[in-house]
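Coordinates in review
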Amino acid sequence: LGGCEFAPRDIGILLVCGGVTLLVFQLVLYPRIADALGAVRAFRFGVALFAAVSMLAPFASVMPNETMLWAVALVSQCTKICALGIGFVSITIVVNNSCEDAVKARVNGIAGTTSAFARIVAPVICGWTFAGAMRLRAFPARQFLPFAFICAVTVALRVIAERLPPSLDSPKSA
């Protein structure tokens, strides 16, 4: 139970599809989303979308045939990458709008350092969660547990994001 038995070539195809999707999305759709929602609401939307679609990936491992497996894997990968694109670009705009120009470099430095730390810690925590879930032999849908954990953390972020004021849609005036 669990795993899609993808060869390295298959993983490469999946990642290339995600990359091309992100490129087209960032150039064509993100500007429209940001114009319609503003940076704060776009961030909230991206986080909510990621939380919802994060639970789609493990369903690929239980698809009855290879066509359905690839359909779920591609939809999951491409939608997650777009949700992350919305989130990252929007939060960068929000961070830049949160301070005056005189301290932007400092604020972006702190944000970058915090982000780098999270990118170090998150794979360790998620890897530990995944390994622990796979040891639960008696639990029938154990491949869903790590994704449920990611979803729960993302839902918590969405709750926190609700506190962002709409004023962060515009740059802070000096």
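In short, a report on the structure. (Residues numbered from 1 in each chain as written. Predicted model: local features only at pLDDT ≥ 70, side-chain atom pairs only at ≥ 80, totals over all residues. Heavy atoms only, no water.)

Brief notes about the overall build of the protein
Filter applied, for reference: Helix and strand definitions here come from DSSP, where helices need a minimum of 4 consecutive H or I residues and strands a minimum of 2 consecutive E residues; each element is numbered from the N-terminal end. Every residue pair with non-hydrogen atoms within 4.5 Å of one another is taken to be in contact. Here the accessible surface of atoms and residues is derived via Shrake-Rupley with a 1.4 Å probe, and residues count as covered only by protein chains that are part of the display. Neither His nor the chain ends contribute to the count of charged residues, in which Lys and Arg are positive and Asp and Glu negative. To locate a charge, take atom NZ for lysine, CZ for arginine, CG for aspartate or CD for glutamate.
Regarding its fold elements, the protein presents four helices and zero strands. Each principal axis of the C-alpha distribution contributes one length, and for the protein these read about 60 × 35 × 25 Å. Within the protein, residue pairs in contact and separated by at least 24 positions form 76% of the contacts whose partners lie at least 6 positions apart. Surface exposure of the protein reaches about 10600 Å², of which carbon and sulfur atoms provide 72%. Side-chain charges in the protein split into 14 positive and 8 negative, and the spacing between the mean points of these groups amounts to 7 Å.

With respect to a nonpolar patch on the surface
Formally: Two distance rules govern patches: like charges are joined within 9 Å, and nonpolar side chains (Val, Leu, Ile, Met, Phe, Trp, Tyr) within 5 Å, applied only to residues with over 30% relative accessible area and no salt bridge. The working definition used for a salt bridge is a side-chain nitrogen of Lys or Arg within 4 Å of a carboxyl oxygen of Asp or Glu.
Taken together, the side chains of Val 16, Val 20, Leu 23, Val 24, Leu 27, Val 28 and Leu 29 make up a nonpolar region of the molecular surface, amounting to roughly 650 Å² of accessible area. Residue placement: Val 24 occurs in helix 1 (residues 8–54).

Quick look at helix 2 (residues 66–97)
Heads up, the rule is: What a helix should span is 1.5 Å times the count of its residues minus one. In the analysis that follows, any N or O atom pair within 3.5 Å is treated as a polar contact, provided that within protein one partner can donate a hydrogen and the other can accept it, and provided that, for residues neighboring in sequence, both atoms belong to side chains.
Between its first and last C-alpha, helix 2 extends 46 Å over 32 residues, near the 46 Å set by a 1.5 Å rise per residue. Measuring from the side-chain oxygen of the N-cap residue of helix 2 to the backbone nitrogen of Thr 67 gives 3.2 Å; that N-cap residue is Asn 65.

A look at the side chain of Ser 54
Take Ser 54: it is sitting in helix 1. Filtering out sequence-adjacent residues up to four positions away, Ser 54 remains in contact with Lys 80, Phe 147, Ile 150 and Cys 151.

Some details on the pattern of salt bridges
Let me state the cut-off plainly: Here the term buried applies to any residue with accessible area under 20% of the maximum for its type, exposed to any over 50%, and partly exposed to those in between, with areas from a 1.4 Å probe on protein chains only.
Taken as a whole and assessed by the stated rule, the structure comprises two salt bridges. The salt bridge involving Lys 104 is made with Asp 101; its shortest N-O contact spans 3.3 Å. The closest approach of N and O atoms between Arg 158 and Glu 162, which form a salt bridge, is 2.6 Å. Look at Arg 158 and you get partly exposed, because its relative accessible area is 25%.

Notes on the packing of aromatic side chains
So the rule is basically this: Two rings from Phe, Tyr or Trp (for Trp, the six-membered ring) form a pair when their centres sit within 6.5 Å of each other. Planes less than 30 degrees apart are called stacked, planes more than 60 degrees apart edge-to-face, and all others tilted.
This structure, assessed with the given rule, holds two aromatic pairs. Relative to Phe 144, the ring of Phe 59 lies with its centre 4.8 Å away and its plane at 70°, an arrangement referred to as edge-to-face. Taken together, the residues Phe 59 in the loop between helix 1 and helix 2 and Phe 144 in the loop between helix 3 (104–134) and helix 4 (145–161) connect sequence positions 85 residues apart. On the basis of relative accessible area, Phe 144 is assigned to the buried category, the value being 16%.

Notes on the environment of Ala 161
Counting through the fold element by element, Ala 161 comes out in helix 4. For Ala 161, a relative accessible area of 2% corresponds to the buried category. Sequence separation of Ala 161 and Val 47 is 114 residues, and the distance between their C-alpha atoms is 8.7 Å. Setting aside residues up to four positions removed in sequence, Ala 161 forms contacts with Phe 43 and Arg 44.

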